[in-house]
Amino acid sequence: METIKIKYFTDKIEKLTYIDGKSDWIDLRAAKDVDLKQGEYTLIPLGVAMELPKGYEAHIVPRSSTFKNFGVIQTNHQGVVDGSYCGDNDQWHMPVYAVRDTHISCNDRICQFRIVENQPKINFEEVNSLEGTDRGGFGSTGKQ
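To start, this report covers the structure provided alongside it.

Definitions and limits used
- Residues numbered from 1 in each chain as written.
- Predicted model: local features only at pLDDT ≥ 70, side-chain atom pairs only at ≥ 80, totals over all residues.
- Heavy atoms only, no water.
- Helix = DSSP H or I, 4+ residues; strand = E, 2+ residues; numbered from the N terminus.
- Pairing = 2+ DSSP bridges.
- Axes fitted to C-alpha atoms, helices over the stretch in contact; angles between N-to-C directions.

## Some thoughts on unusual backbone geometry
Thinking step 1. A positive phi angle, close to 65°, is found at histidine 77, a residue other than glycine.
Thinking step 2. With respect to the helices, strands and loops of the structure, histidine 77 is situated in the loop between strand 7 (72–74) and strand 8 (79–81).
Thinking step 3. A positive phi is found at asparagine 107, a non-glycine position, where the angle reads about 85°.
Thinking step 4. Here asparagine 107 shows up in the loop between strand 10 (102–104) and strand 11 (109–117).

Structure below.
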């Protein structure tokens with residue numbers, strides 16, 4: 001089991017918990033109240049900074065209910081927190097764009113994260129032809 005050092009920036013959000021057996025994603029919460037008008041963008045503070053284990057990064061994505069409940073889209077669609085983002089002031093944020101007027105309350109669960117091992121070092125070998133099955137070059141059907 002890996003250990004992650006975590007710093008909380010507020011005592012107004014619930015502490016992170018891992019729900020064994022349900023999912024290996026961990027919910028993150030808004031660390032302050034946020035009001036947005038349709039078309040506005042903001043960075044929502046998540047109230048935590050972490051020192052990830054060496055060789056790992058965190059992937060942050062919206063919860064499945066975030067758009068339905070709050071009408072916001074995560075603007076980078078997936079946030080990646082690399083291991084160098086681990087200082088005392090490196091609070092995690094979720095960049096969002098509002099598609100309708102909305103209110104997000106402090107402690108609302110708005111996104112989730114998991115840690116994954118960093119991609120191994122790779123080399124690219126240029127070739128004239130690939131040996132795999134040719135599927136048509138677009139999506140799974142080859143149709144446009």
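So that's the structure; there's more coming.
## A look at the sheet that holds strand 9 (residues 93–98)
Thinking step 1. Strand order in this open sheet of three strands is 4-9-7, and the pairing throughout is antiparallel. The strands lining the two open edges of the sheet, one partner per strand, are strand 4 (41–45) and strand 7. Strand-to-strand twist across the sheet, computed as the mean angle between neighbouring axes with direction ignored, equals 40°.
Thinking step 2. Relative to strand 9, strand 4 runs antiparallel, the two sharing five bridges. The residue bridging leucine 43 from the neighbouring strand is proline 95, located in strand 9.

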